[in-house]
Amino acid sequence: MFVLLYTGLMQSNAITLVWFKRDLRLHDHAPLAAAAARGAVLPVFVVEPDILRAADADAMHYRFVCECVVELRAQLAALGQPLIVRTGDAVEVFEALRQQVAFDAVYAHQETGNALTYARDRQALAWAQQAGVAWHEWPQHGVVRVLKSRNGWARTWRARMQAPQVQPPARLTALPALSAGALPSAEALGLTDLHPAVGQRSGVQQGGETRGLATLHSFLTERGGDYQRKISAPATAAVAGSRISAYLAWGALSLRRAVQEAENSALPSRAKRAFLSRLHWHCHFMQKLESEPEIETRCFNPCYEQMRAPHDNTQRYLAAWCEGRTGYPFVDACMRSLQATGWLNFRMRAMLVSFAAYNLWLDWRLFRDFLARQFLDYEPGIHMSQLQMQSGVTGINTPRIYNPVKQGLEHDPDGHFVRRWVPELADVPTLFIHQPWKLSAMERLACNLKEADYPAPIVEHLAAIRAAREHIAAIRNSARHREVAGEVFDRHGSRRKARDRATDASYRKRRAKGRDGRRFDQPGVHEKQLSLFE
């Protein structure tokens, strides 16, 4: 389908600008291959200060991107034309380059980003139309632009993942007298990554296509055999998880390549099925933001818009949660680990959001950008969808309220993870490591544990979730909620089952009320249908 976009324009003297954004790789890159088939290629990466300084961006993201760009530049240079780097507004950069190099087309991948990048892409398209420059975009994975219906979406995803990978060009024509440009440092751009719980980050994954492929291959051949059993605990998931999420998010690895190599790997069948399922859900969640960009700032279901109004403790609770000082050791350990490394397994991410949303009764928009800055694999489409799902404001997913003590006992029974990330509790006996408030005064003295060193629980768990359930139930039982929930499901619900659930009135009614046979404190129906973050 996409070959037709450029075969008719084939001419040896044509110059095409290939705009690299969140697709920082050489292999399986359709715009690059199409541009090379058409003629000379002007590969460009734009450092955009306004986007890099946005509330959801972090210096950690930029450093990872720079590592990807450095490798990509060397790869393209080996083919004959290095990557051109410019800093500034994308439209202004394109116009300046057009004055130097008479390119007549821009090729790029479609991007499902935040409101800033969406507006930027629209401005770039308007510039191209005004300047008489042809504009062509290719889908990068399974997200469908201008999707009319979710029916059949899974078949489209499968067809795209089964299509042959696009091979890189054998060579590129050098464009003379054009400066390659430099990558400014994070410090020069005014970007910082100091965090209240851990200070400077350490142990963050490094970027680049080569590292992405090596990470995928080590998972498929060495680390992934017990994938489905070891991805729930943060310590074991750090090894047994795929750890390719950041490479997918920034495009250093194509999703299609990951899917195909996984399908052809020697992973045990159960691990393979679980991993491929998560790769599918990656695009399922991104599609929600693509189809409804407004979910970046408003709830899927408007019935929840005013549910979590600010309360007297909002700012105090938010600060304690962000700093990893809630008084719940496993919650705090997960937060500090995330801030230090830029990564946390999915289940623990869900627990952090659950604690903020239900125990602390914080609106998801209060911590949306904070968490985006902590995740090296920040993908806006997944991020917005998951925050709302884990906060219980979609209206079509069962609210999942995690018990932080139970999670700690199950996934860190010996307390090693807590002791590593909450060193204030290093001397607390294992029996009390997840509930230090149960220590007697004498036991606290023996552990050298003072309340000034580590706080008491910020809220009482059972009382907090009891109040949360009452608020949610009052909204879910309304006729308006049932009506709107059906509309949300029609737009965004999964159609993976053999029968089309969107046409099943009984199913839609039960989902709209949250009646899928599970209690609010149990894992929800999608617990095994998690996405990128494992």
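The structure this text deals with has already been given above.
Residues numbered from 1 in each chain as written. Predicted model: local features only at pLDDT ≥ 70, side-chain atom pairs only at ≥ 80, totals over all residues. Heavy atoms only, no water.

Visitor: Hey, could you go over the overall build of the chain for me, with residue numbers and the actual values?
Guide: The number of helices and strands found in the chain is 24 helices and five strands. Taken against the 2.2 N^0.38 rule, which gives 24 Å for 534 residues, the C-alpha radius of gyration of the chain at 24 Å falls within 12% of a compact globule. With respect to the three principal axes, the spread of C-alpha positions in the chain is 80 × 55 × 50 Å. Considering only contacts within the chain whose residues lie at least 6 apart along the sequence, 80% involve residues at least 24 apart. (Helix = DSSP H or I, 4+ residues; strand = E, 2+ residues; numbered from the N terminus. Rg over C-alpha atoms; globule rule 2.2 N^0.38 Å. Contact = heavy atoms within 4.5 Å.)

Visitor: Before we move on, could you go through the environment of Ala274 and cite the residues and values that matter?
Guide: Secondary-structure assignment places Ala274 in helix 13 (residues 269-291). Note on Ala274: relative accessible area 13%, which makes it buried. C-alpha of Ala274 to C-alpha of Phe103: the two residues are 171 residues apart in sequence and 45 Å apart in space. Residue contacts for Ala274: discarding those within four places in its chain leaves Tyr227 and Gln228. (Buried < 20%, exposed > 50% of the residue type's maximum accessible area, 1.4 Å probe, protein only.)

Visitor: Give a description of the pairing of strand 5 (residues 134-138) that names residues and reports values.
Guide: Strand 5 sits mainly inside the fold: four of its five residues count as buried. Two elements, strand 4 (residues 105-109) and strand 5, share five bridges in a ladder whose sense is parallel. Bridge pairing in strand 5 places Ala108 opposite Glu137. (Pairing = 2+ DSSP bridges.)

Visitor: Which residues make up empty space enclosed by the protein, and what values do they have?
Guide: Taken as a whole, this structure holds six cavities of 30 Å³ or more when the rule is applied. Estimated volume of the largest cavity: approximately 420 Å³. Where the lining of the largest cavity is concerned, the elements lending two or more residues are strand 1 (15-20), strand 2 (40-47), helix 3 (49-52), helix 4 (59-79) and helix 6 (115-131). Estimated volume of the second largest cavity: approximately 210 Å³. In terms of lining, the second largest cavity is formed by 22 residues, of which the most central are Arg22, Gln110, Gln140, His141 and Met286. Listing elements by their share of the lining of the second largest cavity, those giving two or more residues are helix 11 (245-249) and helix 13. In terms of residue count, helix 13 provides more of the lining of the second largest cavity than any other element does, three residues in total. The residue makeup of the lining of the second largest cavity, split by class, is seven nonpolar, seven polar and eight charged. (1 Å grid on protein atoms, 1.4 Å probe; cavity = no way out; pocket = protein on both sides within 12 Å on 5 of 7 lines; lining within 4 Å. Points joined across faces, edges and corners; volume = space filled by probe spheres on them. Nonpolar A, V, L, I, M, F, W, Y, C, P; charged D, E, K, R; others polar.)

Visitor: Please provide a residue-by-residue account of the nonpolar core, values included.
Guide: Counting residues in each nonpolar core, the largest one holds 70 residues, and the members touching the most others are Trp321, Phe367 and Leu371. Within the residue set of this core, elements represented by two or more residues are helix 14 (314-323), helix 15 (329-341), helix 16 (346-359), helix 17 (364-374), helix 18 (380-391), helix 20 (416-421), helix 22 (461-476) and helix 23 (479-492). Ranked by the residues each element gives to this core, the list is headed by helix 16, at ten residues. In terms of nonpolar packing, the next biggest core, distinct from the first, is built from 68 residues, Leu26, Ala246, Leu253 and Ala271 among them. (Core = buried A, V, L, I, M, F, W, Y, C linked by side-chain atoms within 4.5 Å.)

Visitor: I'd like a description of helix 19 (residues 404-411), backed by residues and values.
Guide: Buried within helix 19 we find Pro404, Val405, Gln407, Gly408 and His411. Buried residues of helix 19 fall within an arc of 160° about the axis and therefore sit on the same side. For helix 19, the side-chain oxygen to backbone nitrogen distance between the N-cap and Val405 is 3.0 Å, and the N-cap itself is Asn403. (Arc of directions from axis to C-beta. Polar contact = N/O pair within 3.5 Å; in protein donor to acceptor, adjacent residues only side chain to side chain.)

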